[in-house]
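# Breakdown of the fold
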Amino acid sequence: MSARATFLGHSGVLLESGAHRVLIDPFLTGNPLAARKAEEMDVTAIVLTHGHADHFGDTESIAKRCGAPVYAAHEICEFLAERGHDKCEGMNPGGKVETAFGFVALTQAFHSSSYEGRYMGMPCGAVVSIGGITFYHCGDTGLFSDMKLIGEIYKPQVAFVPIGDRYTMGPELASRAAEFIGAPIAVPVHYKTFPLLRQDAKGFEPKGVTVRELSPGESIELG
Ligand code: NI
Ligand code: MN
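Definitions and limits used
- Residues numbered from 1 in each chain as written.
- Chains lettered and ligands numbered in written order.
- Predicted model: local features only at pLDDT ≥ 70, side-chain atom pairs only at ≥ 80, totals over all residues.
- Heavy atoms only, no water.
- Donors = N, O, S within 2.8 Å, 3.2 Å for Na, K, Ca; no water.
- Buried < 20%, exposed > 50% of the residue type's maximum accessible area, 1.4 Å probe, protein only.
- Phe/Tyr/Trp six-rings, centres within 6.5 Å; stacked < 30°, edge-to-face > 60°.
- Helix = DSSP H or I, 4+ residues; strand = E, 2+ residues; numbered from the N terminus.
- Tetrahedral: all angles 85-135°; square planar, octahedral: opposite > 155°, others 65-115°.

### As for the coordination of the manganese ion (ligand 2)
At this site the manganese ion (ligand 2) is bound by Asp 54 (OD), His 55 (NE2), Asp 140 (OD) and His 190 (NE2), with donor distances of 2.1 to 2.2 Å. Mapped onto the sequence, the residues coordinating the manganese ion (ligand 2) show the spacing D-H-x84-D-x49-H. Judged by relative accessible area, His 190 falls into the buried class, the value being 2%.

### Section: the packing of aromatic side chains
Inspection of every chain in the model, using the stated rule, returns 8 aromatic pairs. A ring pair is formed by Phe 27 and Phe 194, whose centres lie 6.2 Å apart and whose planes are at 40 degrees; its orientation type is tilted. Here Phe 27, found in the loop between β3 (20-24) and β4 (45-47), pairs with Phe 194, found in the loop between β14 (185-189) and β15 (210-211); they are 167 residues apart in sequence, far enough to count as distant. The exposure class of Phe 27 is buried, given its relative accessible area of 9%.

### Describing the coordination of the nickel ion (ligand 1)
Bound to the nickel ion (ligand 1) are the protein donor atoms His 50 (NE2), His 52 (ND1), His 111 (NE2) and Asp 140 (OD), situated 2.2 to 2.3 Å from the metal. With 4 donor atoms in place around the nickel ion (ligand 1) and angles of 89 to 175 degrees between them, the coordination shape is irregular. A separation of 3.2 Å is found between the nickel ion (ligand 1) and the manganese ion (ligand 2), both of which receive a donor from Asp 140. Residue His 50 is located in the loop between β4 and α1 (53-56), and its partner Asp 140 is located in the loop between β12 (133-137) and α4 (147-154); the two are separated by 90 residues in the primary sequence. Both residues of the pair, His 50 and Asp 140, belong to the buried class.

Below, the structure is given as structure tokens:
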């Protein structure tokens, strides 16, 4: 059992195992740090943490072109269906859906979620299991102690943790988050992309956790 995780810049992550290619939060067009162009993405599924433009990003065009199912909050799926993409698995925090590659579970996140002025349901974190490896993408969130519970339940090998501050946790609270989650590897995300966000991962030093700071386009191999 193995999987590869590639950081695409901002909060975008591509998870691959065998024939499965799962894209989380594909904000590529308009992302100054994007490692890939939307047109070159060839994926079998998309997972969204919430509806903000810096996460929803190129979802519509990639999902339609690839015929890929989208796993997202119920309200995001309603929006995509109105736009002509009905391959969407509507979910909400606490729910889990078995998939061809493993499963997708949505968790809570303390944040907001809207797109073009429209309410997009609950903001979420996403637990994705692919190739027998479990990843926890926290989405955009503040710190909450139930991250410990999420860690206990899903036992993720890798956590993607936002550290950019202002809209999410900064490095200090993100360190606490990574310690709560307890995944052996933590990858900082949601920083450096824009001037308002922290420009480096300094201070993200969770105890007992290996921090893997990935440049956009860089991968880690698991398993
Ligand atoms: Ni957001
Ligand atoms: Mn964001």
